[in-house]
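This is what each chain is made of:
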Amino acid sequence: MTRFLVVLTDVRPAEGVNRNERIAPERRRQVVGASSREAADRIAGAFMALGMVRAGRQRVKVIAVGRRHSRD
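Counting restarts for each chain: residues are numbered from 1 in the order of the written sequence. Given that the model is predicted, a residue must reach a pLDDT of at least 70 before its local features are reported, and side-chain atom pairs must reach 80 or more before they are shown or counted; all residues, however, enter totals for whole chains, interfaces and linings. Excluded from the side-chain calculation are hydrogens and water; included are all heavy atoms of the structure.

Participant: How should I be thinking about the overall build of the chain in this particular structure?
Facilitator: Under the scheme used here, helices are H or I runs from DSSP no shorter than 4 residues and strands are E runs no shorter than 2 residues, and both carry numbers assigned from the N terminus. When helices and strands are tallied, the chain shows two helices and three strands. Along its sequence from the N terminus, the chain presents helices and strands in the succession β-β-α-α-β. For the chain, the proportion of its 72 residues judged to be buried stands at 21%. For the chain, the exposed area adds up to about 5,600 Å²; of that, 49% sits on carbon and sulfur atoms. A simple rule labels every residue: compare its accessible area, found with a 1.4 Å probe on the protein chains alone, to the largest value its type can have, and call it buried under 20%, exposed over 50%, or partly exposed in between. All accessible areas in this document rest on Shrake-Rupley with a 1.4 Å probe, and a residue is counted as covered only by the protein chains that are shown.

Structure below.
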């Protein structure tokens, strides 16, 4: 079963900063779990209505976790 995380992060400044999320991830403000993609999209839509997201200072990410790969 695939679960989803909806993550609200601060946008980091562009000048001279490593932009690799695995090495230096953006600072998380809020993390919410969802059991379906539809639920994750609804939560993300609510986050996108926030003033800081609309102003470009924060961003919303939907991340699939626990995905199982089928073996052929």
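Participant: Which parts of the structure should I look at to understand the side chain of Thr9?
Facilitator: Mapped onto the fold, Thr9 is located in strand 1 (residues 3–10). Residues count as neighbours in contact if any of their non-hydrogen atoms are within 4.5 Å of one another. In contact with Thr9, other than residues within four places in its own chain, are Glu26, Arg27, Arg28, Arg29, Arg57, Gln58, Arg59 and Lys61.

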